Amino acid sequence: MKAFYDAIDILLVPSRQDPLPTVAIEAMARKKLVLGSNTGGIPELLGSKRYLFKVEDSSSIETMLSEYCNKDTYEFSSYVEEQWQRAYGLFRSFSKRTYVNSIISGQLKEDRV
């Protein structure tokens, strides 16, 4: 899968329903921009409406894809970095262990997402 992610610039997740988030998380971890449909847990995973398009709306997908393909390198990289930071913060082993331990100890931190 690393070769696949390294060969792309953008991953589209055009799901009608919430998919397993593994593919999006893996792409974000490989510093690839992820754009997804506004359904299920995808908005929470991506963290910003700017990465979401309407479900089952090919025009919305086309518009968004065109918008990101026309960004300058610096701006595009800043979005990729934002998503990478989110994936790193939420899904690395240390973060998950800390979150689970806070639940167990009764000191759940509300600012996780």
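The paragraphs below set out a description of the structure included in this document.

Procedures and definitions
Residues numbered from 1 in each chain as written. Predicted model: local features only at pLDDT ≥ 70, side-chain atom pairs only at ≥ 80, totals over all residues. Heavy atoms only, no water. Core = buried A, V, L, I, M, F, W, Y, C linked by side-chain atoms within 4.5 Å. Buried < 20%, exposed > 50% of the residue type's maximum accessible area, 1.4 Å probe, protein only. Helix = DSSP H or I, 4+ residues; strand = E, 2+ residues; numbered from the N terminus. Contact = heavy atoms within 4.5 Å. Salt bridge = Lys/Arg side-chain N within 4 Å of Asp/Glu carboxyl O. Pairing = 2+ DSSP bridges. Axes fitted to C-alpha atoms, helices over the stretch in contact; angles between N-to-C directions.

### Observations concerning the nonpolar core
Point 1. Counting 25 residues, the largest nonpolar core has L33, V34, L35, L46, Y51 and Y68 as the members making the most contacts within it.
Point 2. Elements that contribute at least two residues to this core include exactly strand 1 (10-13), helix 2 (22-29), strand 2 (33-37), helix 3 (42-46), strand 3 (52-53), helix 4 (58-69) and helix 5 (73-91).
Point 3. Apart from residues lying up to four places away in sequence, Y51 is in contact with L33, V34, L35, G36, L46, M64, Y68, Y79, E82 and Q83.

### A look at the pattern of salt bridges
Point 1. Throughout the structure, instances matching the rule amount to six salt bridges.
Point 2. Here K31 makes a salt bridge to E81, at a shortest N to O gap of 3.4 Å. Placement of the pair is K31 in the loop between helix 2 and strand 2 and E81 in helix 5, with a sequence separation of 50 residues.
Point 3. The partly exposed category is assigned to E81, whose relative accessible area is 30%.

### Brief notes about the sheet that holds strand 1
Point 1. A sheet is described by the order of its strands in space; here three strands give the open sequence 1-2-3, paired in parallel fashion. Two strands in the sheet have a free side with no partner beyond their single neighbour: strand 1 and strand 3.
Point 2. Pairing geometry for strand 1 and strand 2, over four bridges, is parallel. Bridge pairing in strand 2 places L12 opposite L35.
Point 3. Packing of helix 2 onto the sheet brings it into contact with strand 1 and strand 2, and relative to strand 1 it is tilted by some 165°.

No statement about biological role is implied by the geometric values presented.
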